[in-house]
Amino acid sequence: MNKHRKIFDVCFDVNKFSHKVKFEFDINNNNILHVLSASLFLKILNCFQSIIILSKLGLESESKILTRTLIESLFVLKAISEDEKEINNFIKTDYKKREQLLKLIFDKDAENTYGEIRKKLDKEMYEELRSFNKEKDIRDIKVHEWAKKLIY
């Protein structure tokens, strides 16, 4: 850490400032852009703080994993901030991710990892979500697609 003291000092200052700023947000909870932007910002901020701490402790691999999470969230935040139509894409992606998780729980859990969870879920809900996503042609937008939206 001593080798990179100046960089860490800047990161600490940015982190401290950002945590102060978050309390000044005026979020209209009836405005989906406000809610999603604030949520993504807080996710990014928490990742940033975690990266600093992990880096300080010398946990490079863990820092890299969180850096990827931070950047992926930043791509989405930038996209929805520049084009409100992207909010629907973000929500649709969530529908598809839920379907994928339910598919894993109901159809691909050969080792019964999710047995207890499966008992509490309704397979009909999964089938309805799958049908809805198919009917509406909803797909999971990949990270590289979010990143490309920033370029064009």
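Residues numbered from 1 in each chain as written. Predicted model: local features only at pLDDT ≥ 70, side-chain atom pairs only at ≥ 80, totals over all residues. Heavy atoms only, no water.

**Some words on the overall build of the protein**
Helices and strands together make up the secondary structure of the protein, namely seven helices and zero strands. Mapped in sequence order, the helices and strands of the protein form the string α-α-α-α-α-α-α. Against the 2.2 N^0.38 benchmark of 15 Å for 152 residues, the protein shows a C-alpha radius of gyration of 19 Å, more extended than a compact globule. If you line up the protein on its principal axes, its C-alpha atoms span 55 × 40 × 30 Å. Classification of the 152 residues of the protein by burial places 27% in the buried group. Within the protein, contacts between residues at least 6 apart in sequence are counted, and of these 60% link residues at least 24 apart. With an accessible surface of roughly 11100 Å², the protein has 55% of that area assigned to carbon and sulfur atoms. With 29 positive and 25 negative side-chain charges, the protein shows a separation of 5 Å between the mean positions of the two kinds. (Helix = DSSP H or I, 4+ residues; strand = E, 2+ residues; numbered from the N terminus. Rg over C-alpha atoms; globule rule 2.2 N^0.38 Å. Buried < 20%, exposed > 50% of the residue type's maximum accessible area, 1.4 Å probe, protein only. Contact = heavy atoms within 4.5 Å. Areas by Shrake-Rupley, 256 points an atom, 1.4 Å probe, with all protein chains shown as cover. Lys, Arg positive; Asp, Glu negative; His and termini not counted. Charge placed at Lys NZ, Arg CZ, Asp CG, Glu CD.)

**Description of the confidence of the model for the protein**
Scored by pLDDT, the protein has a mean of 91; 99% of the residues are at 70 or more. Mean pLDDT across the secondary structure elements of the protein bottoms out at helix 7 (residues 143-151), with 86, and peaks at helix 3 (residues 60-82), with 95. (pLDDT = per-residue confidence, 0-100.)

**Examining the nonpolar core**
With 14 residues, the main nonpolar core has Leu40, Leu70, Val76, Ile80, Ile87 and Trp146 as its most contacted residues. Of all the secondary-structure elements, those providing two or more residues to this core are helix 2 (32-56) and helix 3. The element best represented in this core is helix 2, accounting for six residues. Apart from the residues lying within four places of it in its own chain, the contact partners of leucine 40 are Ser73, Val76, Leu77 and Ile80. (Core = buried A, V, L, I, M, F, W, Y, C linked by side-chain atoms within 4.5 Å.)

**Focus on the side chain of aspartate 140**
Structurally, aspartate 140 can be placed in the loop between helix 6 (123-135) and helix 7. At 3.3 Å, the side chain of aspartate 140 forms a polar contact with the side chain of lysine 142. In this structure aspartate 140 touches Thr93, Lys96, Lys97, Gln100 and Glu145, once residues within four positions along its chain are discounted. (Polar contact = N/O pair within 3.5 Å; in protein donor to acceptor, adjacent residues only side chain to side chain.)

**Brief notes about the layout of surface pockets**
Taken as a whole, the largest pocket encloses approximately 330 Å³ of empty space. Lining the largest pocket we find 16 residues, and of these Glu72, Val76, Phe90, Lys97 and Trp146 sit closest to its centre. Only helix 2, helix 3, helix 4 (85-107) and helix 7 provide two or more residues apiece to the lining of the largest pocket. It is helix 3 that provides the largest number of residues to the lining of the largest pocket, a total of five residues. Here the residues of the lining of the largest pocket are counted per class, giving seven nonpolar, three polar and six charged. (1 Å grid on protein atoms, 1.4 Å probe; cavity = no way out; pocket = protein on both sides within 12 Å on 5 of 7 lines; lining within 4 Å. Points joined across faces, edges and corners; volume = space filled by probe spheres on them. Nonpolar A, V, L, I, M, F, W, Y, C, P; charged D, E, K, R; others polar.)

**Re the environment of histidine 34**
Counting through the fold element by element, histidine 34 comes out in helix 2. Residue classification places histidine 34 among the partly exposed residues on the basis of a relative accessible area of 32%. Remark: the alpha-carbon pair of histidine 34 and serine 81, spanning 47 residues in sequence, is separated by 9.4 Å. Ignoring anything within four residues of it in the chain, the contact list for histidine 34 reads Asp26, Ile27 and Asn28.

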